[in-house]
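Fold and geometry: a report
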Amino acid sequence: MTAPAFLTSSFYYYIDYGVSSMETVLNDIVAALALNSPGWTVTDNRPGTDSVTCVSPVDSSVTPHRFFTCVFSNVSGHSNLWLQCVTTDQNGVTLGTFVIEGTASNTWIMRYFTGQFHIIVDIEKDSAASEALVAGILDLSPEAQSAHSHYCYCHGSRNSSGALANNNLWFASMVDNVTVTDSNRVVSYNNSYSYGNPQATLRSPAGSFIFKPVIHVATNTLNTVSQAGRRYQQLLGSSNLTTEGGTLVVPTDIGSTGTFMMVGGLVSTAGATLFARVA
Amino acid sequence: MTIPSFLSSAFQYNSHATVTDVQTIMNDFYTLCVTNLSWTSPGGSGANPMTLKCPVTATGLFFTVVLTRTSATLLSITVTDHMGILINNQTNNQVAIDAGGTTIDEYANPFGLCISSERATPECFDCGLLDVYPDTLGTPRGWYWASSGPRTNGGGLVTQYMDYMWVFGNSATSYTSGGYALARAPQSQISSHLLSFTGAYVVAPIEVSFDLGYLQGRKNQALMVDSGLVNAATIVVPIDVGVTGTFKVVGFTAGSTPLASCKTAYRTA
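Now for a look at the structure at hand. (Residues numbered from 1 in each chain as written. Chains lettered and ligands numbered in written order. Predicted model: local features only at pLDDT ≥ 70, side-chain atom pairs only at ≥ 80, totals over all residues.)

On to the pairing of strand S9 (residues 131-139) of chain A, then. All names here are of chain A. With nine of its nine residues buried, S9 lies for the most part within the structure. Two successive antiparallel strands, strand S8 (residues 118-124) and S9, enclose a turn made up of six residues, where aspartate 126 displays a positive phi of approximately 65°. As paired elements, S9 and strand S14 (residues 225-238) share two bridges and run antiparallel to each other. Looking at the pairing, aspartate 139 lines up with arginine 230 of S14. (Buried ≥ 20, exposed ≤ 12 C-beta atoms within 10 Å, placed from the backbone. Helix = DSSP H or I, 4+ residues; strand = E, 2+ residues; numbered from the N terminus. Pairing = 2+ DSSP bridges.)

So, about the pairing of S14 of chain A. All names here are of chain A. Most of S14 sits inside the fold, with 14 of its 14 residues counted as buried. Pairing between strand S13 (residues 212-219) and S14: seven bridges, direction antiparallel. Paired with alanine 218 across the bridge in S14 is serine 226. Between the end of S13 and the start of S14, which pair antiparallel, lie five residues, with asparagine 223 showing a positive phi angle near 60°. Bridge count between S14 and strand S17 (residues 272-277): five bridges; the pairing is antiparallel. Bridge pairing in S17 links leucine 235 to phenylalanine 275.

Moving on: the interface of chain B and chain A. Each partner contributes residues to the interface: chain B has 46 residues there, and chain A has 43 residues. For the side of chain B that touches chain A, the class distribution of residues is 23 nonpolar, 18 polar and five charged. (Contact = placed C-beta atoms within 7 Å. Nonpolar A, V, L, I, M, F, W, Y, C, P; charged D, E, K, R; others polar.)

All right, on to unusual backbone geometry then. Each neighbour pair has its own omega, and for asparagine 48 of chain B with proline 49 of chain B the value is 0°, a cis peptide bond. Within the secondary structure, proline 49 of chain B sits in the loop between helix H1 (22-37) and strand S2 (50-53). Here the residue pair tyrosine 133 of chain B and proline 134 of chain B is connected by a cis peptide bond, since its omega of 10° sits within 30 degrees of zero. The phi torsion at leucine 266 of chain A lies on the positive side, around 65°, for a residue other than glycine. In this fold, leucine 266 of chain A is placed in the loop between strand S16 (256-262) and S17. Phi at glutamine 221 of chain B is positive, roughly 55°, even though this residue is not glycine. Locating glutamine 221 of chain B in the fold gives a position in strand S13 (residues 217-226).

That's the geometry; what it means functionally is another story.
The structure is reproduced here in C-alpha coordinates:
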(Lines give C-alpha, C1' and ligand atoms only; values in the text may rest on other atoms or scores of the structure.)
Protein backbone atom coordinates (compact mmCIF):
# COMPACT_ATOMS: atom_id res chain seq x y z
CA MET A 1 0.00 0.00 0.00
CA THR A 2 0.88 3.63 0.10
CA ALA A 3 0.31 6.12 2.88
CA PRO A 4 -3.42 6.58 3.46
CA ALA A 5 -4.91 9.47 1.52
CA PHE A 6 -5.80 11.37 4.68
CA LEU A 7 -2.09 11.51 5.56
CA THR A 8 -0.86 12.65 2.16
CA SER A 9 -2.18 16.22 2.09
CA SER A 10 0.04 19.24 2.77
CA PHE A 11 0.66 20.46 6.29
CA TYR A 12 2.47 23.30 8.01
CA TYR A 13 2.97 23.81 11.73
CA TYR A 14 3.51 27.24 13.28
CA ILE A 15 4.01 28.19 16.95
CA ASP A 16 4.15 31.54 18.73
CA TYR A 17 5.10 32.14 22.35
CA GLY A 18 4.24 34.94 24.77
CA VAL A 19 1.06 35.92 22.98
CA SER A 20 -1.35 38.14 24.88
CA SER A 21 -3.72 39.53 22.26
CA MET A 22 -5.98 38.02 19.62
CA GLU A 23 -4.64 40.74 17.35
CA THR A 24 -1.36 38.84 17.41
CA VAL A 25 -3.24 35.64 16.73
CA LEU A 26 -4.72 37.15 13.59
CA ASN A 27 -1.21 38.12 12.53
CA ASP A 28 -0.02 34.58 13.23
CA ILE A 29 -2.80 33.06 11.16
CA VAL A 30 -1.88 35.27 8.23
CA ALA A 31 1.78 34.32 8.63
CA ALA A 32 1.14 30.60 9.02
CA LEU A 33 -1.17 30.33 6.04
CA ALA A 34 1.23 32.34 3.88
CA LEU A 35 3.75 29.53 4.37
CA ASN A 36 1.37 26.81 3.20
CA SER A 37 1.81 25.14 -0.16
CA PRO A 38 -0.54 25.01 -1.94
CA GLY A 39 -1.39 28.45 -0.67
CA TRP A 40 -4.47 29.71 1.05
CA THR A 41 -6.16 32.89 -0.11
CA VAL A 42 -6.01 35.20 2.88
CA THR A 43 -7.66 38.60 2.99
CA ASP A 44 -6.69 40.82 5.89
CA ASN A 45 -9.78 42.91 6.55
CA ARG A 46 -8.07 45.17 9.05
CA PRO A 47 -8.23 48.00 9.94
CA GLY A 48 -11.75 48.32 8.61
CA THR A 49 -12.92 45.08 10.15
CA ASP A 50 -10.89 43.32 12.82
CA SER A 51 -10.79 39.99 10.99
CA VAL A 52 -9.01 37.90 8.40
CA THR A 53 -10.80 35.82 5.79
CA CYS A 54 -9.05 32.57 4.96
CA VAL A 55 -10.05 30.45 1.97
CA SER A 56 -8.42 27.05 1.78
CA PRO A 57 -6.68 26.06 -1.46
CA VAL A 58 -9.35 25.20 -4.00
CA ASP A 59 -9.12 21.57 -5.02
CA SER A 60 -10.25 21.91 -8.62
CA SER A 61 -9.34 18.31 -9.43
CA VAL A 62 -12.85 17.30 -8.48
CA THR A 63 -16.28 18.75 -9.09
CA PRO A 64 -17.66 20.36 -7.04
CA HIS A 65 -14.38 22.06 -6.20
CA ARG A 66 -13.46 21.46 -2.58
CA PHE A 67 -12.64 24.33 -0.27
CA PHE A 68 -13.79 25.91 2.95
CA THR A 69 -13.63 29.41 4.36
CA CYS A 70 -12.79 30.54 7.87
CA VAL A 71 -13.31 34.12 8.98
CA PHE A 72 -11.29 34.71 12.13
CA SER A 73 -12.31 37.79 14.13
CA ASN A 74 -10.97 39.55 17.17
CA VAL A 75 -14.35 40.03 18.82
CA SER A 76 -14.82 43.59 20.00
CA GLY A 77 -15.62 44.32 23.62
CA HIS A 78 -13.55 41.48 25.02
CA SER A 79 -10.17 43.17 25.54
CA ASN A 80 -8.51 41.25 22.68
CA LEU A 81 -9.28 37.97 24.45
CA TRP A 82 -11.92 36.46 22.17
CA LEU A 83 -11.12 34.90 18.82
CA GLN A 84 -14.14 33.88 16.78
CA CYS A 85 -14.13 31.60 13.75
CA VAL A 86 -17.03 31.39 11.32
CA THR A 87 -16.65 28.47 8.91
CA THR A 88 -18.54 28.13 5.66
CA ASP A 89 -18.44 25.32 3.14
CA GLN A 90 -17.88 25.51 -0.62
CA ASN A 91 -21.55 26.37 -1.09
CA GLY A 92 -21.44 29.26 1.34
CA VAL A 93 -23.37 27.35 4.00
CA THR A 94 -22.36 28.43 7.48
CA LEU A 95 -21.26 25.36 9.42
CA GLY A 96 -20.68 27.01 12.75
CA THR A 97 -19.48 29.95 14.79
CA PHE A 98 -17.07 29.07 17.56
CA VAL A 99 -14.86 31.01 19.96
CA ILE A 100 -11.70 30.54 21.98
CA GLU A 101 -10.88 32.79 24.89
CA GLY A 102 -7.52 33.97 26.14
CA THR A 103 -6.60 34.98 29.66
CA ALA A 104 -5.49 38.40 30.80
CA SER A 105 -3.40 37.06 33.67
CA ASN A 106 -0.65 35.48 31.60
CA THR A 107 0.63 35.06 28.08
CA TRP A 108 -0.24 32.13 25.85
CA ILE A 109 1.43 29.59 23.63
CA MET A 110 -0.35 29.57 20.29
CA ARG A 111 -0.07 26.55 18.00
CA TYR A 112 -1.35 26.48 14.43
CA PHE A 113 -1.76 23.15 12.66
CA THR A 114 -2.53 24.00 9.07
CA GLY A 115 -2.67 22.39 5.63
CA GLN A 116 -4.57 22.46 2.40
CA PHE A 117 -7.51 20.63 3.98
CA HIS A 118 -7.38 21.60 7.65
CA ILE A 119 -6.68 24.28 10.21
CA ILE A 120 -6.46 24.01 14.00
CA VAL A 121 -5.83 27.02 16.24
CA ASP A 122 -4.82 25.90 19.72
CA ILE A 123 -4.29 28.18 22.71
CA GLU A 124 -2.32 26.99 25.77
CA LYS A 125 -2.98 29.37 28.66
CA ASP A 126 -1.43 27.67 31.70
CA SER A 127 -3.74 29.48 34.08
CA ALA A 128 -6.77 27.85 32.48
CA ALA A 129 -7.57 24.86 30.31
CA SER A 130 -6.45 25.03 26.72
CA GLU A 131 -8.96 25.66 23.96
CA ALA A 132 -9.03 25.09 20.22
CA LEU A 133 -10.78 25.81 16.95
CA VAL A 134 -10.81 23.18 14.21
CA ALA A 135 -12.06 23.28 10.64
CA GLY A 136 -11.40 21.33 7.50
CA ILE A 137 -12.40 18.96 4.75
CA LEU A 138 -12.86 15.20 5.08
CA ASP A 139 -11.04 12.65 2.97
CA LEU A 140 -13.69 10.51 1.24
CA SER A 141 -11.41 7.80 -0.13
CA PRO A 142 -11.74 5.12 -1.37
CA GLU A 143 -14.64 6.94 -2.96
CA ALA A 144 -13.90 9.79 -5.32
CA GLN A 145 -13.48 13.06 -3.50
CA SER A 146 -16.37 14.29 -5.62
CA ALA A 147 -18.67 11.53 -4.33
CA HIS A 148 -20.65 14.03 -2.29
CA SER A 149 -20.49 17.59 -1.09
CA HIS A 150 -20.94 17.08 2.66
CA TYR A 151 -17.24 17.13 3.48
CA CYS A 152 -16.58 20.34 5.41
CA TYR A 153 -16.56 20.42 9.22
CA CYS A 154 -15.72 22.72 12.11
CA HIS A 155 -15.87 22.89 15.87
CA GLY A 156 -14.49 24.88 18.77
CA SER A 157 -14.27 25.00 22.52
CA ARG A 158 -16.86 27.76 22.98
CA ASN A 159 -20.11 28.58 21.23
CA SER A 160 -20.81 31.92 19.59
CA SER A 161 -21.81 33.35 22.98
CA GLY A 162 -18.45 32.52 24.43
CA ALA A 163 -19.68 29.73 26.68
CA LEU A 164 -17.84 26.45 26.89
CA ALA A 165 -20.11 23.98 25.09
CA ASN A 166 -19.41 20.48 23.86
CA ASN A 167 -15.78 21.28 24.51
CA ASN A 168 -14.42 17.91 23.48
CA LEU A 169 -12.90 16.22 20.50
CA TRP A 170 -15.98 14.09 19.74
CA PHE A 171 -18.20 16.94 18.55
CA ALA A 172 -18.11 18.47 15.08
CA SER A 173 -20.44 20.56 13.01
CA MET A 174 -21.23 19.62 9.44
CA VAL A 175 -24.11 19.24 7.03
CA ASP A 176 -25.93 15.99 7.60
CA ASN A 177 -28.65 15.17 5.11
CA VAL A 178 -29.83 18.76 4.77
CA THR A 179 -29.25 20.37 8.15
CA VAL A 180 -26.11 21.68 9.80
CA THR A 181 -25.66 19.97 13.16
CA ASP A 182 -22.95 20.28 15.78
CA SER A 183 -23.13 16.78 17.21
CA ASN A 184 -21.21 13.93 18.78
CA ARG A 185 -20.04 12.37 15.52
CA VAL A 186 -16.38 11.38 15.77
CA VAL A 187 -15.97 7.61 15.84
CA SER A 188 -14.77 6.56 19.27
CA TYR A 189 -14.11 2.82 18.72
CA ASN A 190 -16.35 1.65 21.56
CA ASN A 191 -18.35 -1.50 22.12
CA SER A 192 -21.45 -2.51 24.01
CA TYR A 193 -19.26 -3.65 26.92
CA SER A 194 -18.21 -0.06 27.54
CA TYR A 195 -21.72 1.30 26.98
CA GLY A 196 -22.20 4.16 29.39
CA ASN A 197 -18.50 4.23 30.14
CA PRO A 198 -16.95 4.75 26.74
CA GLN A 199 -13.23 4.19 26.56
CA ALA A 200 -11.26 4.67 23.40
CA THR A 201 -9.17 1.58 22.85
CA LEU A 202 -5.89 3.20 21.93
CA ARG A 203 -3.46 1.05 23.92
CA SER A 204 -2.56 -2.59 23.68
CA PRO A 205 -2.21 -4.73 26.81
CA ALA A 206 1.50 -5.08 26.00
CA GLY A 207 1.94 -1.32 26.09
CA SER A 208 1.87 -0.38 22.43
CA PHE A 209 0.10 2.82 21.60
CA ILE A 210 -2.41 2.70 18.80
CA PHE A 211 -3.41 5.56 16.55
CA LYS A 212 -6.60 5.66 14.55
CA PRO A 213 -8.12 7.97 11.95
CA VAL A 214 -10.50 10.70 13.03
CA ILE A 215 -13.64 9.43 11.29
CA HIS A 216 -16.87 11.40 11.16
CA VAL A 217 -20.31 9.84 10.91
CA ALA A 218 -23.16 11.77 9.35
CA THR A 219 -26.77 11.16 8.50
CA ASN A 220 -26.85 10.74 4.74
CA THR A 221 -29.53 11.36 2.16
CA LEU A 222 -31.15 8.01 2.99
CA ASN A 223 -31.43 9.18 6.60
CA THR A 224 -28.88 6.56 7.57
CA VAL A 225 -26.01 7.15 9.93
CA SER A 226 -23.00 6.56 7.69
CA GLN A 227 -19.24 6.94 7.59
CA ALA A 228 -18.72 10.43 6.17
CA GLY A 229 -14.92 10.51 5.91
CA ARG A 230 -11.62 11.08 7.74
CA ARG A 231 -9.95 14.26 8.82
CA TYR A 232 -6.72 15.05 7.04
CA GLN A 233 -3.47 14.96 9.00
CA GLN A 234 -5.14 14.23 12.32
CA LEU A 235 -5.20 11.10 14.47
CA LEU A 236 -6.82 9.85 17.63
CA GLY A 237 -4.27 8.68 20.19
CA SER A 238 -4.19 7.75 23.83
CA SER A 239 -4.34 10.64 26.26
CA ASN A 240 -1.76 8.81 28.36
CA LEU A 241 0.88 9.18 25.68
CA THR A 242 2.26 12.60 26.30
CA THR A 243 1.19 16.08 27.31
CA GLU A 244 -0.01 19.07 25.33
CA GLY A 245 2.59 19.98 22.74
CA GLY A 246 4.33 16.63 23.05
CA THR A 247 5.09 14.79 19.82
CA LEU A 248 5.10 11.16 18.78
CA VAL A 249 6.41 9.48 15.66
CA VAL A 250 3.84 7.28 13.94
CA PRO A 251 4.46 4.88 11.03
CA THR A 252 2.45 6.05 8.01
CA ASP A 253 3.78 3.59 5.43
CA ILE A 254 6.65 1.12 5.03
CA GLY A 255 9.74 3.16 5.81
CA SER A 256 7.76 6.35 6.33
CA THR A 257 6.79 8.07 9.53
CA GLY A 258 4.93 11.19 10.51
CA THR A 259 5.33 13.27 13.64
CA PHE A 260 2.11 14.18 15.39
CA MET A 261 1.60 16.62 18.27
CA MET A 262 -0.98 16.40 21.02
CA VAL A 263 -3.51 19.21 20.64
CA GLY A 264 -4.33 20.68 24.04
CA GLY A 265 -7.66 22.28 23.32
CA LEU A 266 -10.89 20.32 22.96
CA VAL A 267 -10.95 18.23 26.09
CA SER A 268 -9.67 14.69 25.97
CA THR A 269 -12.23 12.21 27.21
CA ALA A 270 -12.52 8.46 27.38
CA GLY A 271 -8.76 8.06 27.18
CA ALA A 272 -8.48 9.62 23.74
CA THR A 273 -7.00 12.85 22.54
CA LEU A 274 -6.47 14.63 19.26
CA PHE A 275 -3.10 14.62 17.51
CA ALA A 276 -2.20 16.79 14.51
CA ARG A 277 0.74 16.42 12.15
CA VAL A 278 3.76 18.66 12.49
CA ALA A 279 6.41 16.80 10.44
CA MET B 1 2.44 -1.04 3.37
CA THR B 2 1.72 -4.71 3.12
CA ILE B 3 -1.38 -6.76 3.70
CA PRO B 4 -2.53 -6.22 7.31
CA SER B 5 -1.32 -8.99 9.58
CA PHE B 6 -4.84 -10.17 10.40
CA LEU B 7 -5.41 -10.84 6.71
CA SER B 8 -2.01 -12.33 5.91
CA SER B 9 -2.36 -15.89 7.23
CA ALA B 10 -3.31 -18.93 5.21
CA PHE B 11 -7.01 -19.60 5.05
CA GLN B 12 -9.43 -22.27 3.88
CA TYR B 13 -13.04 -22.09 2.79
CA ASN B 14 -15.53 -24.75 1.84
CA SER B 15 -19.25 -24.59 1.20
CA HIS B 16 -20.93 -27.96 1.56
CA ALA B 17 -24.47 -28.18 0.23
CA THR B 18 -27.25 -30.36 1.63
CA VAL B 19 -25.46 -31.63 4.71
CA THR B 20 -27.77 -34.05 6.52
CA ASP B 21 -25.37 -35.35 9.19
CA VAL B 22 -23.06 -33.17 11.25
CA GLN B 23 -20.34 -35.82 10.98
CA THR B 24 -19.89 -34.45 7.46
CA ILE B 25 -19.07 -31.05 8.93
CA MET B 26 -16.56 -32.63 11.30
CA ASN B 27 -14.89 -34.49 8.47
CA ASP B 28 -14.80 -31.34 6.35
CA PHE B 29 -13.00 -29.48 9.12
CA TYR B 30 -10.55 -32.35 9.42
CA THR B 31 -9.66 -31.72 5.78
CA LEU B 32 -9.58 -27.94 6.06
CA CYS B 33 -7.63 -27.80 9.30
CA VAL B 34 -5.49 -30.93 9.50
CA THR B 35 -4.90 -31.80 5.87
CA ASN B 36 -4.61 -28.27 4.56
CA LEU B 37 -3.48 -26.08 7.48
CA SER B 38 -1.25 -28.26 9.68
CA TRP B 39 -3.63 -28.49 12.61
CA THR B 40 -3.44 -31.80 14.42
CA SER B 41 -6.14 -34.30 15.35
CA PRO B 42 -5.36 -37.56 17.12
CA GLY B 43 -8.40 -39.49 15.97
CA GLY B 44 -8.28 -38.94 12.24
CA SER B 45 -11.13 -38.15 9.90
CA GLY B 46 -14.38 -39.80 10.91
CA ALA B 47 -13.72 -39.63 14.63
CA ASN B 48 -16.52 -38.70 17.03
CA PRO B 49 -15.74 -36.71 19.05
CA MET B 50 -13.13 -35.03 16.89
CA THR B 51 -10.37 -33.03 18.57
CA LEU B 52 -8.75 -30.31 16.46
CA LYS B 53 -5.65 -28.52 17.78
CA CYS B 54 -4.43 -25.43 15.98
CA PRO B 55 -0.70 -25.04 15.19
CA VAL B 56 1.27 -24.05 18.29
CA THR B 57 2.69 -20.54 17.99
CA ALA B 58 6.32 -19.68 18.67
CA THR B 59 5.24 -18.46 22.07
CA GLY B 60 3.45 -21.69 22.95
CA LEU B 61 -0.12 -20.60 22.34
CA PHE B 62 -2.76 -22.91 20.95
CA PHE B 63 -6.39 -23.79 21.43
CA THR B 64 -8.27 -27.04 21.02
CA VAL B 65 -11.70 -27.50 19.48
CA VAL B 66 -13.71 -30.60 20.25
CA LEU B 67 -16.53 -31.33 17.81
CA THR B 68 -19.06 -33.90 18.97
CA ARG B 69 -21.90 -35.41 16.96
CA THR B 70 -24.72 -35.21 19.48
CA SER B 71 -27.17 -36.33 16.83
CA ALA B 72 -27.32 -36.26 13.08
CA THR B 73 -28.57 -32.68 13.20
CA LEU B 74 -26.82 -31.31 16.29
CA LEU B 75 -23.11 -30.52 16.52
CA SER B 76 -21.65 -29.80 19.96
CA ILE B 77 -18.54 -27.63 20.24
CA THR B 78 -16.17 -26.97 23.14
CA VAL B 79 -13.01 -24.90 22.95
CA THR B 80 -10.17 -24.83 25.47
CA ASP B 81 -7.11 -22.62 25.61
CA HIS B 82 -3.50 -23.77 26.01
CA MET B 83 -3.99 -23.85 29.79
CA GLY B 84 -6.89 -26.25 29.38
CA ILE B 85 -9.44 -23.66 30.46
CA LEU B 86 -12.80 -23.86 28.77
CA ILE B 87 -13.23 -20.81 26.53
CA ASN B 88 -16.89 -21.15 25.61
CA ASN B 89 -18.03 -21.47 29.15
CA GLN B 90 -21.46 -22.78 28.22
CA THR B 91 -19.79 -26.23 28.29
CA ASN B 92 -21.81 -27.30 25.32
CA ASN B 93 -22.30 -24.80 22.50
CA GLN B 94 -24.29 -26.34 19.71
CA VAL B 95 -24.96 -25.74 16.03
CA ALA B 96 -27.99 -27.30 14.38
CA ILE B 97 -28.74 -28.32 10.80
CA ASP B 98 -31.97 -29.34 9.12
CA ALA B 99 -32.86 -33.00 8.78
CA GLY B 100 -33.58 -32.35 5.13
CA GLY B 101 -30.12 -30.93 4.57
CA THR B 102 -28.44 -27.58 5.12
CA THR B 103 -25.69 -25.73 3.32
CA ILE B 104 -22.71 -25.35 5.66
CA ASP B 105 -20.13 -22.64 5.06
CA GLU B 106 -16.82 -23.65 6.63
CA TYR B 107 -13.87 -21.32 7.25
CA ALA B 108 -10.49 -22.04 8.82
CA ASN B 109 -7.07 -20.47 9.28
CA PRO B 110 -4.13 -21.25 11.59
CA PHE B 111 -5.70 -19.05 14.27
CA GLY B 112 -9.37 -19.88 14.11
CA LEU B 113 -12.39 -21.43 12.47
CA CYS B 114 -15.98 -20.55 11.70
CA ILE B 115 -19.01 -22.76 11.04
CA SER B 116 -22.06 -21.13 9.46
CA SER B 117 -25.16 -23.28 9.16
CA GLU B 118 -27.22 -21.62 6.46
CA ARG B 119 -30.66 -22.55 7.77
CA ALA B 120 -33.68 -20.30 7.29
CA THR B 121 -32.49 -18.77 10.54
CA PRO B 122 -28.73 -19.16 10.19
CA GLU B 123 -26.63 -20.47 13.08
CA CYS B 124 -22.99 -19.56 13.40
CA PHE B 125 -20.00 -20.35 15.61
CA ASP B 126 -16.45 -19.06 15.51
CA CYS B 127 -13.42 -19.18 17.78
CA GLY B 128 -9.72 -18.45 17.68
CA LEU B 129 -6.68 -16.52 18.76
CA LEU B 130 -6.64 -12.76 18.11
CA ASP B 131 -4.05 -11.07 15.91
CA VAL B 132 -2.20 -8.62 18.17
CA TYR B 133 -0.10 -6.62 15.69
CA PRO B 134 2.04 -4.62 16.45
CA ASP B 135 2.63 -6.64 19.60
CA THR B 136 4.03 -10.15 19.77
CA LEU B 137 1.63 -13.05 20.22
CA GLY B 138 1.67 -14.09 23.84
CA THR B 139 2.83 -10.76 25.26
CA PRO B 140 1.58 -10.41 27.91
CA ARG B 141 -0.64 -13.44 27.15
CA GLY B 142 -2.76 -14.94 24.42
CA TRP B 143 -6.19 -13.57 23.68
CA TYR B 144 -8.59 -16.33 22.78
CA TRP B 145 -12.24 -16.00 22.01
CA ALA B 146 -15.23 -18.18 21.16
CA SER B 147 -18.55 -16.86 19.99
CA SER B 148 -21.46 -16.82 22.40
CA GLY B 149 -23.75 -19.48 21.08
CA PRO B 150 -25.42 -20.03 18.75
CA ARG B 151 -27.13 -22.56 21.01
CA THR B 152 -26.61 -22.81 24.73
CA ASN B 153 -26.52 -25.86 26.97
CA GLY B 154 -30.29 -26.07 26.90
CA GLY B 155 -30.36 -25.98 23.11
CA GLY B 156 -31.92 -22.52 22.84
CA LEU B 157 -30.84 -20.28 19.98
CA VAL B 158 -30.22 -17.14 22.01
CA THR B 159 -26.91 -15.36 21.62
CA GLN B 160 -25.95 -14.89 18.02
CA TYR B 161 -24.81 -11.25 18.07
CA MET B 162 -21.74 -10.71 15.93
CA ASP B 163 -20.04 -8.79 18.72
CA TYR B 164 -20.69 -11.28 21.55
CA MET B 165 -17.94 -13.67 22.55
CA TRP B 166 -16.32 -15.48 25.46
CA VAL B 167 -13.07 -13.90 26.62
CA PHE B 168 -10.80 -14.01 29.66
CA GLY B 169 -10.76 -10.49 31.02
CA ASN B 170 -8.35 -8.73 33.31
CA SER B 171 -8.58 -10.15 36.87
CA ALA B 172 -11.06 -12.76 35.67
CA THR B 173 -11.09 -16.32 36.94
CA SER B 174 -12.88 -17.80 33.94
CA TYR B 175 -14.02 -16.86 30.47
CA THR B 176 -17.08 -14.63 30.42
CA SER B 177 -19.38 -13.55 27.62
CA GLY B 178 -20.12 -10.03 26.45
CA GLY B 179 -20.27 -7.61 23.53
CA TYR B 180 -16.59 -6.95 22.96
CA ALA B 181 -16.23 -6.16 19.26
CA LEU B 182 -15.54 -2.49 18.57
CA ALA B 183 -17.88 -0.30 16.58
CA ARG B 184 -17.19 2.45 14.09
CA ALA B 185 -19.68 4.65 15.86
CA PRO B 186 -19.49 7.81 17.93
CA GLN B 187 -19.27 8.06 21.68
CA SER B 188 -22.96 8.91 21.84
CA GLN B 189 -23.54 5.17 21.45
CA ILE B 190 -25.62 5.25 18.36
CA SER B 191 -24.99 2.58 15.78
CA SER B 192 -23.51 3.60 12.46
CA HIS B 193 -23.91 1.73 9.23
CA LEU B 194 -20.72 0.64 7.51
CA LEU B 195 -21.70 2.68 4.50
CA SER B 196 -20.17 5.75 3.00
CA PHE B 197 -22.24 8.89 2.80
CA THR B 198 -23.28 7.89 -0.72
CA GLY B 199 -24.11 4.33 0.26
CA ALA B 200 -20.97 2.43 -0.77
CA TYR B 201 -19.98 -0.42 1.52
CA VAL B 202 -17.26 0.22 4.09
CA VAL B 203 -15.47 -2.59 5.95
CA ALA B 204 -13.40 -2.66 9.11
CA PRO B 205 -11.39 -5.18 11.11
CA ILE B 206 -13.27 -6.99 13.88
CA GLU B 207 -11.33 -5.43 16.73
CA VAL B 208 -11.86 -6.76 20.24
CA SER B 209 -11.58 -4.98 23.58
CA PHE B 210 -12.55 -6.52 26.88
CA ASP B 211 -10.42 -4.51 29.29
CA LEU B 212 -11.62 -0.91 29.28
CA GLY B 213 -9.29 1.27 27.30
CA TYR B 214 -7.22 -1.55 25.81
CA LEU B 215 -7.36 -3.16 22.39
CA GLN B 216 -6.74 -6.90 22.66
CA GLY B 217 -6.55 -7.58 18.93
CA ARG B 218 -8.42 -8.53 15.77
CA LYS B 219 -10.08 -11.65 14.45
CA ASN B 220 -8.02 -13.25 11.69
CA GLN B 221 -9.35 -13.40 8.14
CA ALA B 222 -12.60 -11.72 9.16
CA LEU B 223 -14.13 -8.31 8.57
CA MET B 224 -16.98 -6.28 9.96
CA VAL B 225 -19.45 -5.37 7.21
CA ASP B 226 -22.71 -3.52 6.95
CA SER B 227 -25.90 -5.27 8.04
CA GLY B 228 -27.41 -4.40 4.68
CA LEU B 229 -25.44 -7.27 3.23
CA VAL B 230 -27.67 -10.33 3.41
CA ASN B 231 -26.47 -13.60 4.85
CA ALA B 232 -24.04 -15.46 2.53
CA ALA B 233 -23.51 -12.37 0.37
CA THR B 234 -19.94 -11.84 -0.79
CA ILE B 235 -17.96 -8.64 -0.97
CA VAL B 236 -14.61 -8.04 -2.68
CA VAL B 237 -12.31 -5.84 -0.64
CA PRO B 238 -8.96 -4.25 -1.54
CA ILE B 239 -6.44 -5.45 1.04
CA ASP B 240 -3.25 -4.09 -0.55
CA VAL B 241 -2.19 -2.33 -3.72
CA GLY B 242 -3.49 -4.54 -6.50
CA VAL B 243 -4.65 -7.24 -4.10
CA THR B 244 -8.23 -8.06 -3.18
CA GLY B 245 -9.86 -10.52 -0.84
CA THR B 246 -13.35 -11.96 -1.08
CA PHE B 247 -15.38 -12.20 2.10
CA LYS B 248 -18.71 -13.91 2.75
CA VAL B 249 -21.28 -12.86 5.32
CA VAL B 250 -21.78 -15.55 7.97
CA GLY B 251 -24.81 -16.34 10.07
CA PHE B 252 -24.35 -14.15 13.10
CA THR B 253 -27.03 -11.54 13.57
CA ALA B 254 -26.15 -7.86 13.64
CA GLY B 255 -24.52 -6.79 16.88
CA SER B 256 -25.85 -5.06 19.94
CA THR B 257 -25.68 -1.26 20.15
CA PRO B 258 -23.42 0.35 18.94
CA LEU B 259 -22.95 -2.44 16.39
CA ALA B 260 -26.60 -2.86 15.48
CA SER B 261 -25.81 -2.23 11.81
CA CYS B 262 -22.81 -4.56 11.56
CA LYS B 263 -22.31 -8.19 10.58
CA THR B 264 -19.36 -10.56 10.25
CA ALA B 265 -17.81 -11.80 7.01
CA TYR B 266 -15.08 -14.41 6.66
CA ARG B 267 -12.61 -14.75 3.83
CA THR B 268 -13.28 -17.15 1.00
CA ALA B 269 -10.67 -16.12 -1.59
